[in-house]
Amino acid sequence: MLLGCLLGVVAAAACSVIDFRLGAVVLAVVPAGLAGFRAMPPPWTEVWANRSKVVDITTCLVFAGLLVGLAFLVPLTR
């Protein structure tokens, strides 16, 4: 899980060189992917414990949405 997050951050940093908004969208894919992973049926979700599935999915999707929204609200200064 941590390796996937780290690879997502590296990919977002590489895409940020091309465009700031592209990097933010790529970075938002990481929590959205975690939400999808959390929504999977039982043998895949055994690594998660002691938290509500709905809370985890909602938190990841809200974070991804806020990240993309913030990326498009910040004006480009070139």
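Just so we're clear, the structure is a prediction, and the values are computed from it rather than from any experiment.

Q: Explain the UniProt feature "transmembrane region" (unreviewed entry) in the protein to me, please; I cannot follow it from the model alone.
A: Per the UniProt entry, the sites bearing "transmembrane region" (unreviewed entry) are residues 24-41 and 53-74 in this numbering. The span residues 24-41 carries 83% helix and 0% strand; its end-to-end C-alpha distance comes to 29 Å. As annotated, residues 53-74 has a helix share of 95% and a strand share of 0%, and its two end C-alpha atoms lie 32 Å apart.

Q: Help me understand the confidence of the model for the protein in this model?
A: Low pLDDT means the predicted coordinates in that region are not meant to be read closely. Taken as a whole, the protein shows an average pLDDT of 79; of its residues, 87% reach a score of 70 or greater. Per-element averaging of pLDDT across the protein places helix H1 (residues 2-18) at the bottom with 81 and helix H2 (residues 20-38) at the top with 84.

Q: Explanation requested: a nonpolar patch on the surface in the structure shown.
A: Together, Leu 3, Leu 6, Leu 7 and Val 10 give the surface a local cluster of nonpolar side chains, amounting to about 420 Å² of exposed area. On the secondary structure map, Val 10 appears in helix H1.

The rules behind the values
Residues numbered from 1 in each chain as written. Predicted model: local features only at pLDDT ≥ 70, side-chain atom pairs only at ≥ 80, totals over all residues. Heavy atoms only, no water. UniProt positions renumbered as here; feature names shortened; annotations may be inferred. Helix = DSSP H or I, 4+ residues; strand = E, 2+ residues; numbered from the N terminus. pLDDT = per-residue confidence, 0-100. Patch = residues over 30% accessible without salt bridge, like charges linked within 9 Å, V, L, I, M, F, W, Y side chains within 5 Å. Areas by Shrake-Rupley, 256 points an atom, 1.4 Å probe, with all protein chains shown as cover. Salt bridge = Lys/Arg side-chain N within 4 Å of Asp/Glu carboxyl O.

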